[in-house]
Amino acid sequence: MSRHNLTRRGFLKLAGATGVAASAGITGIPSPLKAAQSNDAKSEMFLHYDRGVQSPSFCEMCFWNCGLNVYTRNGRIHKLEGNPLNPNSNGHLCAKGNSGIDSTYDADRIQHPLIRVGKRGEGKFKKVSWEEASQYVFDKLSPLMKKYGPETLATFMHGTGEPYVHALTKALGSPNIVVPAYSQCLGSREMAWILTFGTGVSGHETYDMANTRHMILFGRNMAGALQVREAEDFAEGLARGAKLTYVDPRLSESCVNATDWLQINPGTDLALALGFIHVIIRDNLVNMDFVSKYCYGFDQLSAHVAQYTPDWASNKCGIDAKTIERIAWDFAKYAPHVVAVPPRRMTRYGNDTQTVRAIAILNALMGNWGVPGGLWVRSGVPIDLPEYEEPKQPTTRRADGAGKGEKYPLAPQNLGRTNGMIEATLTQKPYPIKAWMLYGTNPLFHSSAGTNDIYKAIENLDLLIAIDTQFSDTVMYADVVFPESTYLERDDAPFVQKDKIPFIALREAAIKPIYDTKGCFDICKGIAEKFKIAHWFEHSPTQQIADLYKALSPEQAKKLKDDGVLRFEAVDPYPLASGATPTFRTATGKVQLYVPNLTDFYQEHGDDFAPMPIYKDPIMADSKDTFRLLFGKSPRHTHARTQNNWLLLELQDDNPIWIHPKDAKRLGFSDGQMVYMVNPKTGVKAEHAEKIKVTKRIKEGAVFIHHGFGHTTKAWSRGYEKGIGDNFFVSDDIDPISGAAAFNNGFVTLVKA
Ligand code: SF4
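Bear in mind the structure is a predicted one, so any value in this text is a computation, not a measurement.

### Quick word on the pattern of salt bridges
Counted by the stated rule, this structure contains 38 salt bridges. Residue Arg 507 pairs with Asp 492 through a salt bridge whose shortest N-O separation is 2.6 Å. Taken together, the residues span a long stretch of sequence, with Arg 507 in strand 17 (residues 503-507) and Asp 492 in strand 16 (residues 492-497) at a distance of 15 residues. For the pair formed by Arg 507 and Asp 492, the shared burial category is buried. Among the salt bridges present, the one from Asp 563 reaches Lys 559, with a minimum N-O distance of 3.0 Å.

### Here's the deal with the sheet that holds strand 24 (residues 702-706)
Judged by pairing direction, the barrel is mixed, and its six strands sit side by side in the order 20-24-21-23-22-27 before closing back on the first. Averaged over all pairs of adjacent strands, the angle between their axes in this sheet comes to 45 degrees, without regard to strand direction. One ladder, built from three bridges, connects strand 21 (residues 657-659) with strand 23 (residues 690-694); its direction is parallel. The residue of strand 23 that forms the bridge with Trp 658 is Lys 693.

### Describing the site of the ligand
Taken together, the neighbourhood of the ligand is formed by Cys 59, Met 61, Cys 62, Asn 65, Cys 66, Leu 93, Cys 94, Lys 96, Gly 97, Leu 226, Gln 227 and Val 228. Of the residues that constitute the shell around the ligand, the class distribution is eight nonpolar, three polar and one charged.

### Description of the packing of helix 11 (residues 269-282) against helix 13 (residues 298-305)
As a packed pair, helix 11 and helix 13 sit with axes 9 Å apart at the nearest point and diverge in direction by 115 degrees. Classified by the interaxial angle, the pair formed by helix 11 and helix 13 is roughly perpendicular. By crossing handedness, the relation of helix 11 to helix 13 is classed as left-handed. Across from Leu 274, Ile 277, His 278 and Ile 281 in helix 11, the residues of helix 13 making contact are Phe 298, Leu 301, Ser 302 and Val 305. Split by residue class, the contact of helix 11 with helix 13 holds six nonpolar, two polar and no charged.

### With respect to unusual backbone geometry
The peptide bond linking Ala 335 to Pro 336 adopts the cis configuration, its omega dihedral lying at 5 degrees. Of note, Pro 336 is situated in the loop between helix 15 (321-333) and strand 12 (338-341). Backbone torsion omega between Lys 429 and Pro 430 reads 10 degrees, so that peptide bond is classified as cis. Topologically, Pro 430 is positioned in the loop between helix 17 (418-427) and strand 13 (435-439).

### Comments concerning the pairing of strand 6 (residues 153-157)
A large share of strand 6 lies buried, amounting to five of its five residues. Residues Leu 153, Thr 155 and Met 157 point to one face of strand 6 and Ala 154 and Phe 156 to the other, with burial holding for every one of them. Relative to strand 13, strand 6 runs parallel, the two sharing five bridges. Counterpart to Phe 156 in the pairing with strand 13 is Leu 438. As defined by bridge partners, strand 6 adjoins strand 7 (residues 177-178) across two bridges and the pair is classed as parallel. Residue Thr 155 lies in a different strand from strand 7, and its bridge partner there is Ile 177. As for the winding sense of the linkage, the β-α-β connection from strand 6 through helix 8 (residues 162-172) to strand 7 is right-handed.

### What to know about the packing of aromatic side chains
Counted by the stated rule, this structure contains 19 aromatic pairs. Arranged with centres 6.3 Å apart and planes meeting at 75 degrees, the rings of Trp 193 and Tyr 207 form a pair that is edge-to-face. With a gap of 14 residues between them, Trp 193 in helix 9 (residues 180-197) and Tyr 207 in the loop between helix 9 and strand 8 (214-218) connect regions that are remote in the sequence. With relative accessibility at 3%, the residue Tyr 207 sits in the buried group. Arranged with centres 5.2 Å apart and planes meeting at 85 degrees, the rings of Trp 312 and Tyr 615 form a pair that is edge-to-face. Of this pair, Trp 312 sits in helix 14 (residues 310-317) while Tyr 615 sits in the loop between helix 23 (599-605) and strand 20 (627-632); the two residues are 303 residues apart in sequence, bridging distant segments of the chain. Like Trp 312, the residue Tyr 615 is buried in the burial classification. What links up through ring pairs into an aromatic cluster is the set Phe 58, Phe 495 and Phe 503.

### Brief notes about the environment of Leu 153
In this fold, Leu 153 is placed in strand 6. The exposure class assigned to Leu 153 is buried, which follows from its relative accessible area of 0%. Considered as a pair, Leu 153 and Ala 306 are 153 residues apart in the sequence and their alpha carbons are 50 Å apart. If sequence neighbours within four positions are ignored, Leu 153 has contacts with Leu 141, Thr 169, Leu 172, Ser 174, Asn 176, Ala 435, Trp 436 and Met 437.

### Observations regarding the side chain of Asn 644
Along the chain, the position of Asn 644 falls in the loop between strand 20 and helix 24 (646-651). Discounting chain neighbours no more than four positions away, the residues touching Asn 644 are Asp 102, Asp 106, Asp 108, Leu 649, Trp 716, Ser 717, Arg 718 and Gly 719.

### Observations concerning the side chain of Asp 473
Its place among the elements puts Asp 473 in the loop between strand 14 (463-468) and strand 15 (480-483). Buried charge without a salt bridge: Asp 473, with Arg 641 as the nearest opposite-charge side chain at an N-O distance of 11 Å. There is a polar contact of 2.9 Å between the side chain of Asp 473 and the side chain of Asn 442. Looking at Asp 473, its side chain comes within polar contact range of the main-chain nitrogen of Thr 712, at 2.7 Å.

### Describing helix 20 (residues 520-530)
Burial within helix 20 is extensive, with eight of its 11 residues counted as buried. Turning to helix 20, its buried residues are Cys 520, Phe 521, Ile 523, Cys 524, Gly 526, Ile 527, Ala 528 and Lys 530. Buried residues belonging to helix 20 abut helix 7 (130-148), helix 8, strand 13, strand 14, strand 15 and helix 21 (541-551). Lys 532, located one to two residues past helix 20, shows a positive phi value of around 60 degrees.

### Quick notes on the environment of Ser 634
On the secondary structure map, Ser 634 appears in the loop between strand 20 and helix 24. Its relative accessible area of 1% is what places Ser 634 among the buried residues. When the C-alpha positions of Ser 634 and Trp 658 are compared, they lie 14 Å apart, and in sequence the two are 24 residues distant. Those residues in contact with Ser 634 that sit more than four places away from it in its chain are Gly 224, Gln 652 and His 706. Among the polar contacts listed, one links the side chain of Ser 634 to the side chain of Gln 652, at a separation of 2.6 Å.

### Quick look at the nonpolar core
The nonpolar side chains of a soluble globular protein tend to be buried with one another. Ranked by internal contacts, the top residues of the largest apolar core, which has 75 residues, are Phe 218, Phe 276 and Leu 365. When residues no more than four places from it in sequence are discounted, the contact partners of Leu 365 are Ile 277, Ile 280, Ile 281, Val 286, Asn 287, Val 291, Phe 298, Leu 301 and Leu 593. Of all hydrophobic cores here, the second largest spans 37 residues; its members include Ile 115, Val 128, Met 145 and Ala 528.

### Regarding the sheet that holds strand 9 (residues 243-247)
Strand order across the open sheet formed by four strands is 10-9-8-12, with parallel pairing between neighbours. Each edge of the open sheet is held by one strand with a lone partner, namely strand 10 (260-262) and strand 12. Ignoring strand direction, the axes of neighbouring strands in this sheet form an average angle of 10 degrees. By the bridge criterion, three bridges tie strand 9 to strand 10 in an arrangement that is parallel. Among the inter-strand pairings, Thr 245 is bridged to a residue of strand 10, identified as Asp 260. Against the sheet, helix 16 (residues 352-366) touches strand 8 and strand 12, its axis set at about 170 degrees to strand 12.

Criteria and thresholds
Each chain carries its own residue numbering, running from 1 in the written order of its sequence. Under the rules for a predicted model, residues below a pLDDT of 70 receive no local features and side-chain atom pairs below 80 are neither given nor counted, while totals for whole chains, interfaces and linings still include all residues. With hydrogens and water set aside, each side-chain value is computed from the structure's full complement of heavy atoms. Within this document, salt bridges are pairs made up of a side-chain nitrogen of Lys or Arg and a carboxyl oxygen of Asp or Glu, the two lying within 4 Å of each other. Helix and strand definitions here come from DSSP, where helices need a minimum of 4 consecutive H or I residues and strands a minimum of 2 consecutive E residues; each element is numbered from the N-terminal end. A simple rule labels every residue: compare its accessible area, found with a 1.4 Å probe on the protein chains alone, to the largest value its type can have, and call it buried under 20%, exposed over 50%, or partly exposed in between. Strand pairing requires that DSSP identify at least two bridges connecting the strands. Simply put, an axis is a line fit to the C-alpha atoms, just over the touching stretch for a helix, and the angle between two N-to-C directions goes from 0 to 180 degrees. The rule for a residue being near a molecule or strand is that one of its heavy atoms must lie within 4 Å of it. Residues are grouped as follows: nonpolar covers Ala, Val, Leu, Ile, Met, Phe, Trp, Tyr, Cys and Pro; charged covers Asp, Glu, Lys and Arg; every other residue, Gly included, is treated as polar. Working rule for angles: under 35 degrees goes down as roughly parallel, over 145 as roughly antiparallel, 65 to 115 as roughly perpendicular, anything else as oblique. Less than a right angle of anticlockwise turn of the near helix away from the far helix marks a crossing as left-handed, whereas a clockwise turn marks it as right-handed. Contacts are assigned to residue pairs with any non-hydrogen atoms lying within 4.5 Å of each other. For a crossover, the right-handed case is the one in which the path from the first strand over the helix to the second runs clockwise, viewed with the strands pointing away from the viewer. Stacked, edge-to-face and tilted labels apply to pairs of Phe, Tyr and Trp rings (six-membered ring for Trp) whose centres lie within 6.5 Å, assigned for plane angles under 30 degrees, over 60, and everything in between, in that order. Positive charges are assigned to Lys and Arg, negative charges to Asp and Glu, while His and the chain termini are left out of the count. Identification of polar contacts relies on pairs of N or O atoms within 3.5 Å, with a donor-acceptor requirement for protein atoms, meaning one able to donate a hydrogen and the other able to accept it, and with residues adjacent in sequence counted only if both atoms are side-chain atoms. For our purposes a nonpolar core is just a set of buried Ala, Val, Leu, Ile, Met, Phe, Trp, Tyr and Cys residues, chained together by side-chain atoms within 4.5 Å.

Here you go:
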């Protein structure tokens, strides 16, 4: 450890208080968090501090995109501060956000365009010019597209530059676009919300936790899967006296202040939600004023849930029937100022869309749509934004089973399915996939298709193109690598957010790229030029910022320039409370307790597609010494992106395996003992041992680790093989409605090292 160790820790504890507090268990009192990070406190502290030149930006250490002011002196970034005027984060940053400078000044970054010279995975590349790299893509991809059709190209993307990769793929003629955020995170939740309410809950969710009286979090770890404003709203709600029912086999950071912790059997959340619904309907606790006016299918639902008694639910989920009754009554008591919240990553047990459907129904029965403390409603920005023509989505059949007439008919064609695309590449069916383009994604690490199968799928590729800032595990297998500038080094298109307070935020390059890197727009344009389709790339991010200024009034333009953000008045986040008549963009125009547009699929595919959720038992372990693997986010890291960030590694550089004391005792394990994790289905054993953490915070029969550790990329001088990874051990099951992954059906055994 360096001699500056103590100083660094001190800095992180001060500047990254949100993350540290959350990791230690959020207290539920927002004031200490805010006091530690408020702009006032910082202003006081840095009264005589020369900040240097200020540039507007928004954070990209995760995709919440908190508002930033970036300060440079002598052409070097020396400080990131939250922008207090940005309503996305109100001036606050988490530890990850505060550590963002390292994303730029990290010598492990990809520093030049590269072409592979060694074997795939060896990490041997030669430095080439941008011209050579783009020409390489043209020379390799053109014959493949000629031989197999343009659809032989599949692209996987995650990041601010997604629209450009999207446009490039479509302009090249391939329909095979995959956005893993759908099939590996939000897909089932979005699908359920759309089927019920007609709109998705999206990545910036509309739960009014700051004003709620009772929130039920179904495994939603607000304080651990940390996004600043959400975590603050959560803490504010608790500080105002909201009750928190926390449902999780694991005691997470969010659970610390729970009124009730329901340590549920994994995979049975649907049983619990159906039990709540049963009690609420049976005992006439429904908000019938809302339901009779705005909901469709209440009679069918009443008849359907009669079977799901508290005793039945208790038998499935392991929560006492009296507790189910009590909480259902208490939840209804505070209606409509209550909210039931599904997990963010809803890729769990294969019944995920139906589980979120039940949670959505629970909200609807409370009539909490459009009222304080319930579900608020977004407003858009009230100006005509510049519009740019995009290539049309090709109508060629997709390879991943997403879309009408395919195995996953409801999975959206513009987002696709990661696992399906990997399977198509592995089997070369329904047609050959011979080229991948990856933008900011790491399929070797982030997919449940089975990491061994992904290695084999990559062997089937004749071309692997990577656009990234860093050498991820999968970038090491690329044939050609385009280094992207970091979010602190580039202009990006204005960030336009529909919200409670809708806003537009700017990101302007705080410094010139320190290495030979470019923004994703310029990278895609360079490739497009070779294929003579560069006319789709006429509006650079810098141009888009200029176009935005032209669309604003002089006062608005001045405000945006001065503040880095432009806030607008919300139309009304609580329209129902204000007496407005809501509209729901569902097939019936109402909130769908019963989904008539699923009935055809129900007849064709059976119970999985039922118009009302039907409970199905989860897959269980086949022996008591085989454990269900649960994983979740650490508040100190983002997915698998930050485990080489030295600042964040100082906060967490290991990944102990949580196990219940009874399970540990039976196996003869003691706290801190080193063990190997084994996948009994594939026989794969973790490459290195990890220590165990014996704790009652995890349910018997399950083990827990944080996601994102265990990297195999030797280009990471600090993060290489730090901690154990989940990617070899999660399941390859699929949620039938959304087509998204069901990671938590994976099981492991533990062997003494
Ligand atoms: S939550 Fe943290 S990492 Fe995510 S955008 Fe905000 S400051 Fe950055």
